[in-house]
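Observations on chain architecture
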Amino acid sequence: MLLISLIKKYKKKRREISYSRLLFSKNVELIFPFTISNKENLVLGKYIYIGPNSWLNLRGRLVIEDGTIIGPRLKVHTSNHNYEGNMIPYSSDYIIKNVFIGKNVWIGADVTILPGVQIGDGAVVGACACVVKDVPPYTVVGGNPSKVLKFRNIDNYNECIINDEIYQKNKLKGKLL
């Protein structure tokens with residue numbers, strides 16, 4: 001029994017290492033431990049960081065574009081129970097909606113993103129936010145439910161893009177301390 005348990009742990013660890021190598025080749029840092037259901041529904045750009053203890057429930061697709069940094073304990077849902085179905089409190093089928101996270105987004109710690117949300121390029125999502133609606137580009141949002149708190153300085157943002165000052169890209173190339 002102990003041998004079977006050890007073999008299962010070894011096989012699981014091998015799969016995790018294999019998946020990590022694939023992500024590393026795209027310059028993606030996905031910090032262990034993490035949980036991903038249906039990893040084939042995860043579409044990642046380049047130079048992405050996803051903090052530890054992230055939980056990605058991917059019945060639908062999750063797209064994360066280049067340069068995005070995500071703090072620890074992110075929760076993403078791409079489906080929800082159907083409470084208007086043929087059973088109560090909900091039926092056995094799911095309502096599936098994809099989630100999209102644009103380029104150069106910063107998502108703080110303990111954020112929850114619900115099905116169907118689109119987060120625009122350059123947005124900042126504050127810690128502990130619950131994102132239930134789309135986030136416009138270059139906005140700073142926070143709270144539960146999240147709401148727009150302010151807007152980024154678009155001139156500064158564009159200057160950083162022109163000068164290729166993308167934090168995660170520079171970090172992985174050894175240009176940061």
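Quick note: structure is the one above.
In this report, we go over the structure that sits alongside the text. For clarity, every value in this text was computed on a predicted model and none was experimentally measured.

Some words on the environment of Ala-127
Tracing the backbone shows Ala-127 in the loop between strand E15 (124-125) and strand E16 (130-131). Between the alpha carbons of Ala-127 and Gly-71 there is a distance of 8.3 Å; along the sequence they are 56 residues apart. In this structure Ala-127 touches Gly-108, Ala-109 and Val-111, once residues within four positions along its chain are discounted.

A word on the pattern of salt bridges
Tallied over the entire structure, the rule returns 3 salt bridges. One salt bridge in this structure joins Asp-110 and Arg-73, with 2.6 Å as the shortest N-O distance. A residue pair is termed long-range when its members are at least 10 positions apart, and Asp-110 in the loop between strand E12 (106-107) and strand E13 (112-113) and Arg-73 in the loop between strand E7 (69-70) and strand E8 (75-77) qualify at 37 residues. Exposure remark for Arg-73: the relative accessible area of 34% places this residue in the partly exposed category.

Observations concerning the packing of aromatic side chains
Here the structure, examined in full by the defined rule, presents 2 aromatic pairs. Ring centres of Phe-32 and Phe-34 lie 5.0 Å apart, and the angle between their planes is 40°; this geometry places the pair in the tilted category. Residue classification places Phe-34 among the buried positions, given a relative accessible area of 19%. On the basis of an interplanar angle of 65° and a centroid distance of 4.9 Å, the ring pair of Tyr-138 and Tyr-157 is categorised as edge-to-face. Taken together, the residues span a long stretch of sequence, with Tyr-138 in the loop between E16 and strand E17 (139-142) and Tyr-157 in helix H2 (residues 154-162) at a distance of 19 residues.

Criteria and thresholds
- Residues numbered from 1 in each chain as written.
- Predicted model: local features only at pLDDT ≥ 70, side-chain atom pairs only at ≥ 80, totals over all residues.
- Heavy atoms only, no water.
- Helix = DSSP H or I, 4+ residues; strand = E, 2+ residues; numbered from the N terminus.
- Contact = heavy atoms within 4.5 Å.
- Salt bridge = Lys/Arg side-chain N within 4 Å of Asp/Glu carboxyl O.
- Buried < 20%, exposed > 50% of the residue type's maximum accessible area, 1.4 Å probe, protein only.
- Phe/Tyr/Trp six-rings, centres within 6.5 Å; stacked < 30°, edge-to-face > 60°.

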